[in-house]
Amino acid sequence: MGVRAAVLAVDAGNSKTDVAVVTADGEVLATARGGGFRPPAVGVRAAVDGVAETVGRAFAQAGVTGVDHVAACLANADFPVEERELADALHARGWGGTVDVRNDTFAILRAGVAEPRGVAVVCGAGINCVGMRPDGRTARFPAVGRISGDWGGGWGMAEEALFHAARAEDGRGGPTELARTLPAHFGLDSMYALIEALHLEHIEQARRHELAPVLFATAAEGDPVARSLVDRLADEVVAMATVALTRLDLLAEETPVVLGGSILAARHALLDDGIRARLADRAPKAVPHVVTARPVLGAALLGLDRAGAGAEAQGRARAHFA
């Protein structure tokens, strides 16, 4: 029988996959990074194949052949049926005796709290929110786009900025400096030129996300339209957090609200201040803070929670990723 560790932690997002092999006392034996995890684009088997290559490198570095438990926080695990399908696919690989699959937002939440208790709002390319209690209760949203009521995220903010800037330039909407700052980011002199460049893919569609920071910079300079979009995002973040706190009966208790993802981690002053002011009004017991730890730490801590590890083991794992 080969050598085994306690936990295989997997944090698999759309752009990259991080794994860690962890002992029962919190020692991180090995880590590895691989490519993005996109089952909707390539299928579950191919997506898990990519994870398998990364896990293989980590196992080889750690000198183990398996673990007791796999704690996997995966992008695109938005519904229970998807969690079950992905858990079955991971279990079939034989990496561990047991497998838990959660949405990757749970990794960010667990990385940002001292115990499995709190709420996280993650705003990167998209937006999502989850919450958990030590008794296993969770709160979450489908978070698959506009059909599930989502608004915000880097992609959404960029599209809103483009919408208002286009209408400002041709007269259908009110004036906004976005009509100047958005095309200027790409060295263009008008929204017409930017629209044409995006439509004809002279500028790659993937580069639209670069416009979100331009929006925040324009808002910081006082542009009313840009500021209104930032204010709306603050409203969305606080609405999600407040609903999750309410579902978990945590609204009346001092509870951490973790803010993560590239948009929130950037600490744009207007957005950050807006979120904190709205939380103070709607959820005064909430304690907001921005998480900076790598999400794979959160997956590792969820695995250690499952193993019944104490504070010393969890602290050892945190120290490694610090």
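All residue numbers refer to positions counted from 1 along the written sequence of the respective chain. Only residues with pLDDT of at least 70 get local features here, since the model is predicted, and only at 80 or more are side-chain atom pairs given and counted; chain-wide, interface and lining totals rely on the full set of residues. The basis for every side-chain value is the complete set of non-hydrogen atoms in the structure, without hydrogens or water.

Undergrad: Could you give me a rundown of the sheet that holds strand E10 (residues 286-290), with the residues and numbers involved?
TA: We treat two strands as partners when DSSP finds at least two bridges between them. The helix and strand labels rest on DSSP assignments: H or I over at least four residues marks a helix, E over at least two residues marks a strand, and numbering proceeds from the N terminus. Ordered by their spatial adjacency, five strands build an open sheet running E8-E7-E6-E9-E10, and the pairing between neighbours is mixed. The sheet is open, and its two edges are formed by strand E8 (138-140) and E10, each paired on a single side. Taking each pair of neighbouring strands and ignoring which way they run, the sheet shows an average axis angle of 15 degrees. With six bridges connecting them, strand E6 (residues 118-123) and strand E7 (residues 127-132) associate as antiparallel partners. Within the sheet, the bridge partner assigned to Val119 lies in E7 and is Gly131. In this analysis an axis means a line fitted to C-alpha atoms, helices contributing only their contacting stretch, and an angle means the value between N-to-C directions, from 0 to 180 degrees.

Undergrad: A description of the sheet that holds strand E3 (residues 28-34) should follow, citing residues and the corresponding values.
TA: The strand order E3-E2-E1-E4-E5 describes an open sheet built from five strands, whose pairing is mixed. In this open sheet, the two edge strands, each paired with only one partner strand, are E3 and strand E5 (96-103). Ignoring which end each strand starts from, the neighbouring axes of this sheet average 15 degrees apart. Of the pairings in the sheet, the one linking strand E1 (residues 4-12) to strand E4 (residues 66-74) comprises eight bridges and is parallel in character. What sits directly across from Arg4, in E4, is Gly66. Pairs of residues are marked as contacts when any of their non-hydrogen atoms sit within 4.5 Å. Sitting on the sheet, helix H2 (residues 44-62) touches E1, strand E2 (17-22), E3 and E4, and the angle it makes with E3 is about 150 degrees. Contacts from helix H13 (residues 311-321) reach E2 and E3 within the one sheet, and its direction differs from that of E3 by about 45 degrees.

Read these as layout, nothing more, since geometry by itself doesn't imply function.
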